[in-house]
Amino acid sequence: MKKVSFAHMGYSYLGFKQLVEDMGFEAVVPPNPSRATLDLGVTYAPEYACIPFKMVLGTYLEVLERGAEIIITSGGVGPCRAGLYGMMHEKILRHLGFNFEIFVFDPPLTGLWPFFIKLRRVLKKAGLSWLAFVEVVRRAWAKLKLLDELEQLATSIRPYELKRGETTRTFHSCLKIVEQARSQKEIAAAREECRQLLQNIPRDTSRRPLKVGIVGEIYVLLEPFMNLDIEKTLGEMGVITHRSIYLTQYTATDVLAHGAQDVRQLAHPYLNQFVGGHGQNSVGETILYARNGFDGVIQLAPFTCIPEIVAKSILPRVSRDFGIPILSLTIDEQTGRAGVETRLEAFVDLLRQRREQMEARNHATLLPGY
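Please read these numbers as outputs of a predicted model, since none were measured by experiment.

(A) Broad picture of the overall build of the protein chain. Counting its regular elements, the protein chain contains 15 helices and 8 strands. Taking 2.2 N^0.38 as the reference for a compact globule, 370 residues should give roughly 21 Å; the C-alpha atoms of the protein chain span a radius of gyration of 22 Å, in line with that estimate. Across its three principal axes, the protein chain shows a C-alpha extent of roughly 80 × 45 × 35 Å. Classification of the 370 residues of the protein chain by burial places 51% in the buried group. Nonlocal contacts in the protein chain, meaning residues at least 24 apart in sequence, comprise 74% of its contacts between residues at least 6 apart. Seen as two clouds, the 44 positive and the 40 negative side-chain charges of the protein chain have centres 3 Å apart.

(B) Region of the structure containing the packing of aromatic side chains. Counted under the stated rule, the structure contains 8 aromatic pairs. Here Phe53 and Tyr85 contribute two aromatic rings whose centre-to-centre distance is 4.7 Å and whose plane-to-plane angle is 75 degrees, an arrangement assigned as edge-to-face. Of this pair, Phe53 sits in helix α3 (residues 51-65) while Tyr85 sits in helix α4 (residues 85-95), and the two are 32 residues apart along the sequence. Take Phe53 and Tyr85: they sit in the same class, and that class is buried. Taking the centre distance of 5.7 Å and the plane angle of 90 degrees together, the rings of Phe115 and Phe116 count as edge-to-face. Taking the relative accessible area as the measure of exposure, Phe116 reaches 34% and is therefore partly exposed.

(C) Geometry of the side chain of Arg158. Position of Arg158 among the secondary structure elements: in the loop between α6 (130-157) and α7 (166-180). For the buried residue Arg158, which engages in no salt bridge, the nearest side chain bearing the opposite charge is Glu236, 4.9 Å off. Excluding anything up to four places from it in sequence, Arg158 contacts Thr167, Thr168, Glu231, Lys232, Gly235 and Glu236.

(D) Inspection of α3 at higher detail. Compared with the 21 Å implied by 1.5 Å per residue over 15 residues, the 21 Å span of α3 between its first and last C-alpha is a close match. A large share of α3 lies buried, amounting to 14 of its 15 residues.

(E) Quick peek at the side chain of Thr248. For Thr248, the location among the structural elements is in helix α11 (residues 247-255). Excluding residues within four positions of it along the chain, Thr248 makes contact with Trp141, Leu144, Lys145 and Asp148.

(F) Just the pairing of strand β8 (residues 326-331), in detail. Of the strand pairs in this sheet, strand β7 (residues 296-302) and β8 are connected by 6 bridges, and their pairing is parallel. Bridging from a neighbouring strand, Leu300 pairs with Leu329 of β8. As a crossover connection, the stretch from β7 through helix α14 (residues 306-322) into β8 is right-handed.

(G) Main features of the sheet that holds strand β2 (residues 26-27). As summarised here, the arrangement of the 4 strands in space is β2-β1-β3-β4, forming an open sheet in which the pairing is parallel. The open sheet is flanked by β2 and β4 (101-105), the only strands paired with a single partner. In the sheet, strand β1 (residues 3-5) pairs with strand β3 (residues 70-74) via 2 bridges, with the strands oriented parallel. If you follow Ser5 over to β3, its bridge partner there is Ile71.

(H) Summary view of the pattern of salt bridges. Within this structure, the stated rule accounts for 23 salt bridges. The residue Lys125 makes a salt bridge to Glu101 at a minimum N-O spacing of 2.9 Å. With Lys125 in helix α5 (residues 112-126) and Glu101 in strand β4, this pair connects stretches of sequence that are 24 residues apart. Looking at Lys125, the relative accessible area reads 35%, which means it is partly exposed. Taking the shortest distance from any N to any O, the salt bridge between Glu151 and Arg243 comes out at 3.0 Å. Separated by 92 residues along the polypeptide, Glu151 in helix α6 and Arg243 in strand β6 (residues 239-243) bring together distant segments of the chain. For the pair Glu151 and Arg243, one class covers both residues: buried. What emerges from the salt-bridge pattern is a single network uniting Lys17, Glu21, Asp22, Glu135, Arg138, Arg139, Glu179 and Arg182.

Parameters and conventions
- Counting from 1, residues in each chain are numbered in the order their sequence is written.
- Confidence filtering applies because this is a predicted model: local features only for residues at pLDDT of at least 70, side-chain atom pairs given and counted only at 80 or more, and all residues used for totals across whole chains, interfaces and linings.
- The side-chain quantities take in all heavy atoms of the structure and omit both hydrogens and water.
- Put simply, DSSP H or I for four residues or longer makes a helix, DSSP E for two residues or longer makes a strand, and each gets a number counted from the N terminus.
- With C-alpha atoms as the basis for the radius of gyration, the globule rule is written as 2.2 Å multiplied by the number of residues raised to the power 0.38.
- Burial classes: relative accessible area under 20% of the type maximum marks a residue as buried, over 50% as exposed, and values in between as partly exposed (1.4 Å probe, protein chains only).
- Note on contacts: a residue pair is in contact if any heavy atoms of the two residues lie within 4.5 Å.
- Positive residues here are Lys and Arg, negative ones are Asp and Glu, while His and the chain termini are left out of the count.
- Charge coordinates come from a single atom per side chain, which is NZ of Lys, CZ of Arg, CG of Asp or CD of Glu.
- Put simply, two rings from Phe, Tyr or Trp (the six-membered ring, in Trp's case) pair if the centres are within 6.5 Å, and we call them stacked under 30 degrees between planes, edge-to-face over 60, tilted for the rest.
- A pairing counts as a salt bridge when a side-chain nitrogen of Lys or Arg comes within 4 Å of a carboxyl oxygen of Asp or Glu.
- Each helix should span, by expectation, one fewer than its residue count multiplied by 1.5 Å.
- By the convention used here, strands pair only if DSSP detects at least 2 bridges between them.
- The crossover handedness rule: strands pointing away from the viewer, path from first strand over the helix to second strand clockwise, crossover right-handed.

Below, the structure written as structure tokens:
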């Protein structure tokens, strides 16, 4: 039985683990990213490669040391360098003496035939028919959708929790429940059980949490280690967060299609062309958050990420035009938790003061004589 692994990106590893195992492979689940993982990647990566490149390289080194024989990963297109990362990772790892196979799947719409050729090779190794593969994907997709749903539910509950950390503890208990669910029926049952567990968390519903949207590059958005648990940190500060990217939504709109039309249209007056990665999305999603009444937006950008550098240069104008505060955080291997938390606390304080001032002005206009 071939040993197959993949990159670790948030909680999606639970869905990918099931996909690999149901295909008939042995899954080598990558460990949670850590400082040791990042140090490995930094050691062998080019100096100015972005932090997702370094972290993923470190992850591949860890899983190859654990016996992985095949790595399955995604590619990319356009100006973003991510489209070359699979090839660069392979060259570095082979230079280090590792013997393995790697399958880099670019988005299907960029080349449907090459995509199916690679997929057919993987299915041949698994001894799996196309019909059986469709059913395997359906189950894994259902699990991935559930993981995204539970993440969003947890972020909406955390600012109201009476006991600090209770939402996070319950969410991690739910991850264990979801991991055990294999069939469609079991996944549906896990959904009901986990939703009930989260909704039963004691809350103070009289609170008035701020709402903050989070935009930026997909890897630092989805991987808590990379963004220093920004959603948990903000939630415990009394903020409801919403990411512009959840894996199943991104797959449907950007991998299996050409991007969300409304987001591209919103970005068009400021950025009227695709610049690779999520640069155009970061601009359009920020405008969408402003129109939906969010109090602020945070951009997460890996150091040297060209698409996010482009977006960062445009976002101040968006902030002025739509009256929404924006905080840009650049992430690299030198970024420290304490520094990020300090900046988040200052940003949240600014948003609270701004809301109070706006409410005071609105109240004054309603008083007689004003």
